[in-house]
Amino acid sequence: MDREKLNYHREKLLQMRRELVDKLNERYNDAMTVGEDGAKDSADEAYNLYNKNLLLGRVETDALKLRLVEQALQRIDNGTYGVCIECEEDIDDKRLEYVPFARYCTDCKTELEKKGLIKM
């Protein structure tokens, strides 16, 4: 991959990282304040617990995505960005445009998903 494309993807990934960190902080803070208004009855408590768990689930998903972004930035630094970690073939430019933190080419990702070895 040429330097111009690498710089483009690096900037895109850095922007994603900034947005994810902001979103993680916001969602975590929201989850920690759910129910602070004082539950009036058990139905309110259950509703608050449900909302808190929902928000924390989103925090977990965002944290996973942040790890993938960080790994992609490391691959840029070590010269392996854009190469499938399974078959070592180049990942299609269209896939990297849509999923800049992609670790697998489309074929390998499909195969690994069929085997239940990856979800994201």
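Calculation notes
- Residues numbered from 1 in each chain as written.
- Predicted model: local features only at pLDDT ≥ 70, side-chain atom pairs only at ≥ 80, totals over all residues.
- Heavy atoms only, no water.
- Helix = DSSP H or I, 4+ residues; strand = E, 2+ residues; numbered from the N terminus.
- Rg over C-alpha atoms; globule rule 2.2 N^0.38 Å.
- Buried < 20%, exposed > 50% of the residue type's maximum accessible area, 1.4 Å probe, protein only.
- Contact = heavy atoms within 4.5 Å.
- Areas by Shrake-Rupley, 256 points an atom, 1.4 Å probe, with all protein chains shown as cover.
- Lys, Arg positive; Asp, Glu negative; His and termini not counted.
- Charge placed at Lys NZ, Arg CZ, Asp CG, Glu CD.
- pLDDT = per-residue confidence, 0-100.
- Salt bridge = Lys/Arg side-chain N within 4 Å of Asp/Glu carboxyl O.

Draft legend 1. A look at the overall build of the protein. Counting its regular elements, the protein contains 4 helices and 0 strands. Element order for the protein, N to C, with α for helix and β for strand: α-α-α-α. Taking 120 residues into account, the globule formula puts the C-alpha radius of gyration at 14 Å, and the protein, at 19 Å, lies well above it. Taken along its principal axes, the extent of the C-alpha atoms in the protein is 60 × 35 × 20 Å. Residue burial in the protein is summarised as follows: out of 120 residues, 30% are buried. Intrachain contacts of the protein at a sequence separation of at least 6 include 57% that bridge at least 24 residues. Per element, the accessible surface of the protein, about 8,300 Å² overall, is 48% carbon and sulfur. Charge separation in the protein, taken as the distance between the mean sites of 21 positive and 26 negative side-chain charges, equals 2 Å.

Draft legend 2. Up close: the confidence of the model for the protein. Here the protein averages 92 in pLDDT, while 98% of its residues score no lower than 70. For the protein, helix 2 (residues 42–78) is the element with the lowest average pLDDT, namely 92, and helix 3 (residues 93–98) is the one with the highest, namely 96.

Draft legend 3. Representation of the pattern of salt bridges within the structure. For the structure shown, the criterion picks out 7 salt bridges. One salt bridge in this structure joins arginine 10 and aspartate 77, with 3.0 Å as the shortest N-O distance. Of this pair, arginine 10 sits in helix 1 (residues 3–33) while aspartate 77 is found in helix 2, placing the two residues 67 residues apart along the sequence. Relative accessible area serves as the criterion here: at 25%, arginine 10 is assigned to the partly exposed category.

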